[in-house]
Amino acid sequence: MSIVTGTFRALAAALKQLPKKRMTLRYPETQLEMPGYYTYDPKLGVAKPGYKGRHILWLDKCTGCQLCSIACENISQAIEMVKVNRAQPNNKKSIFPQVDYAKCVFCGFCVDACPFYALGMTDDFNLVAYTKKELVYSPEKLAVPPKVTRPKVKVKFEKDVAFHE
Ligand code: SF4
Ligand code: SF4
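Residues numbered from 1 in each chain as written. Chains lettered and ligands numbered in written order. Predicted model: local features only at pLDDT ≥ 70, side-chain atom pairs only at ≥ 80, totals over all residues. Heavy atoms only, no water.

Help me out: how do you make sense of the site of ligand 2 in this one?
As a matter of local geometry, ligand 2 sits amid 14 residues, with C62, C65, Q66, C68 and C114 nearest to it. For the shell around ligand 2, the per-class residue count stands at eleven nonpolar, three polar and no charged. (Near = heavy atom within 4 Å. Nonpolar A, V, L, I, M, F, W, Y, C, P; charged D, E, K, R; others polar.)

Here's what the structure looks like:
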């Protein structure tokens, strides 16, 4: 194939793509809309589908039972029960889970193990840090819902092709 033919073929291939909808995102300015939080209903024994990003801890529901930490023990030992200066009648020892995201594999077993609806997983996947210490989320830090202010886009599927607007 001559250089001229090759150039025209390459141009034609590029032009064919122009009217097609874009599949890639301008991350981090734009992010995908996630399907909400992952939670587990211990009474029904049913999980609510959602994104398994960093955890959310509902402090007032946590009894310090440590079942989340025990569930994680044979997986990654990412949970450590730590003392928090907080008077809470349903948590006499005032101990709450702290998660180390340098170890967590986002399996969600800790959420499934919580019998008191105190732990879930959010749609926050932006866990970038300069030091390992920054990846350790204290109970107070886990209690703050993530604030994602960037525009979110939904993925659409059409004829086996995924794209976004
Ligand atoms: S998601 Fe899995 S690895 Fe992460 S803290 Fe929970 S049990 Fe441990
Ligand atoms: S988050 Fe749930 S499982 Fe973990 S200590 Fe608190 S109540 Fe127990």
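We are not done yet, so read on.
Hey, could you run me through the site of ligand 1 in this one?
Taken together, H55, C72, S76, A78, I79, C104, V105, F106, C107, G108, C110 and M121 make up all the residues around ligand 1. Of the residues in the shell around ligand 1, the class split is nine nonpolar, three polar and no charged.

Can you help me understand the environment of K147 in this one?
Here K147 is to be found in the loop between α4 (139–142) and β9 (152–153). By relative accessible area, K147 is classed as exposed at 77%. With 35 residues separating them in the primary sequence, K147 and D112 have C-alpha atoms 24 Å apart. (Helix = DSSP H or I, 4+ residues; strand = E, 2+ residues; numbered from the N terminus. Buried < 20%, exposed > 50% of the residue type's maximum accessible area, 1.4 Å probe, protein only.)

Where do I start with a nonpolar patch on the surface in this structure?
A cluster of nonpolar side chains, contributed by V4, F8 and L11, occupies part of the molecular surface with about 320 Å² of accessible area. Among the secondary structure elements, F8 is positioned in helix α1 (residues 3–17). Residue class for F8 comes out exposed when judged on its relative accessible area of 57%. (Patch = residues over 30% accessible without salt bridge, like charges linked within 9 Å, V, L, I, M, F, W, Y side chains within 5 Å. Areas by Shrake-Rupley, 256 points an atom, 1.4 Å probe, with all protein chains shown as cover. Salt bridge = Lys/Arg side-chain N within 4 Å of Asp/Glu carboxyl O.)

In this structure, what is going on with the sheet that holds strand β6 (residues 95–100)? I would like to understand it.
Backbone hydrogen bonds are what pair the strands of a sheet, in a parallel or an antiparallel way. Read across the sheet, three strands follow the order β5-β6-β8 without closing on themselves; strand pairing throughout is antiparallel. If you trace the sheet from one side to the other, it starts and ends with β5 (79–83) and β8 (136–137), each paired once. Strand direction decides the pairing type here: β5 and β6, joined by five bridges, are antiparallel. Considered in β6, the bridge of I79 is made with V99. (Pairing = 2+ DSSP bridges.)

Explain the pattern of salt bridges here, please?
Should the charged atoms of two oppositely charged side chains come close, the side chains can pair. Taken as a whole and assessed by the stated rule, the structure comprises one salt bridge. R54 is the partner of D124 in a salt bridge, and the nearest nitrogen-oxygen pair spans 3.8 Å. On the criterion of sequence distance, the pair formed by D124 in the loop between β7 (119–121) and β8 and R54 in the loop between β3 (46–48) and β4 (55–57) is long-range, its members being 70 residues apart. For the pair D124 and R54, one class covers both residues: buried.

Would you take a moment to explain the packing of aromatic side chains for this structure?
Two numbers describe a pair of aromatic rings. These are the distance of the centres and the angle of the planes. Overall, the coordinates contain three aromatic pairs when judged by the stated rule. When the ring of Y101 is compared with that of F106, the centres are 5.7 Å apart and the planes differ by 15°; the resulting orientation is stacked. Residue F106 is classed as partly exposed on the basis of its relative accessible area of 27%. Between the aromatic rings of Y101 and Y137, the centroid separation amounts to 5.0 Å while the plane-to-plane angle is 90°, which identifies the pairing as edge-to-face. Residue Y101 is found in the loop between β6 and α3 (109–113), and its partner Y137 is found in strand β8; the two are separated by 36 residues along the sequence. For the pair Y101 and Y137, a shared accessibility class is recorded, and that class is buried. (Phe/Tyr/Trp six-rings, centres within 6.5 Å; stacked < 30°, edge-to-face > 60°.)

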